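Commentary on secondary and tertiary structure
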Amino acid sequence: MKARIPKHREFIITFPEGTDEARNQQAWDKLNGLLEAYKKAHNGNSVFEPTFIGDLEPQVKALQAEYGFNYTIEER
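My aim in this report is to walk through the structure given alongside it, one point at a time. Predicted model, so just to flag it, every value in this text is computed and none were measured.

**A short note on the nonpolar core**
Ranked by internal contacts, the top residues of the largest apolar core, which has 15 residues, are F11, I13, L31, V60, L63, F69 and Y71. Of all the secondary-structure elements, those providing two or more residues to this core are strand 2 (9–14), helix 1 (21–41) and helix 2 (52–67). Looking at this core element by element, the count peaks at six residues for helix 1.

Below, the structure is given as structure tokens:
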């Protein structure tokens, strides 16, 4: 699953083989909610700042611990 983030980067999450699809979707929905809430909180402007990932990383790591996914950030 991928989400486009600023400066031509993609946030990619992967789930271990055989995990529950509904639970995976729940994790993805929560992650997208974090991204949207961040944009809203910064009037859609600060999403282009380099601190974008750093600001969200603690919350993403909490979701990672809860749902067991792995994530990478790729330059595009």
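Read on, since the account is not over.
**A short note on the packing of aromatic side chains**
Inspection of every chain in the model, using the stated rule, returns one aromatic pair. Here F15 and F69 contribute two aromatic rings whose centre-to-centre distance is 5.9 Å and whose plane-to-plane angle is 70°, an arrangement assigned as edge-to-face. Taken together, the residues F15 in the loop between strand 2 and helix 1 and F69 in the loop between helix 2 and strand 3 (70–75) connect sequence positions 54 residues apart.

**As for the pattern of salt bridges**
This structure, assessed with the given rule, holds one salt bridge. In this structure, K30 engages E66 in a salt bridge whose closest nitrogen and oxygen atoms are separated by 3.8 Å. With a gap of 36 residues between them, K30 in helix 1 and E66 in helix 2 connect regions that are remote in the sequence. Overall, the relative accessible area of 35% leaves K30 in the partly exposed class.

**Thoughts on the side chain of N24**
For N24, the location among the structural elements is in helix 1. The exposure class assigned to N24 is buried, which follows from its relative accessible area of 6%. Here the side chain of N24 touches T19 through a polar contact of 2.9 Å, side chain to side chain.

Calculation notes
Residues numbered from 1 in each chain as written. Predicted model: local features only at pLDDT ≥ 70, side-chain atom pairs only at ≥ 80, totals over all residues. Heavy atoms only, no water. Core = buried A, V, L, I, M, F, W, Y, C linked by side-chain atoms within 4.5 Å. Buried < 20%, exposed > 50% of the residue type's maximum accessible area, 1.4 Å probe, protein only. Helix = DSSP H or I, 4+ residues; strand = E, 2+ residues; numbered from the N terminus. Phe/Tyr/Trp six-rings, centres within 6.5 Å; stacked < 30°, edge-to-face > 60°. Salt bridge = Lys/Arg side-chain N within 4 Å of Asp/Glu carboxyl O. Polar contact = N/O pair within 3.5 Å; in protein donor to acceptor, adjacent residues only side chain to side chain.

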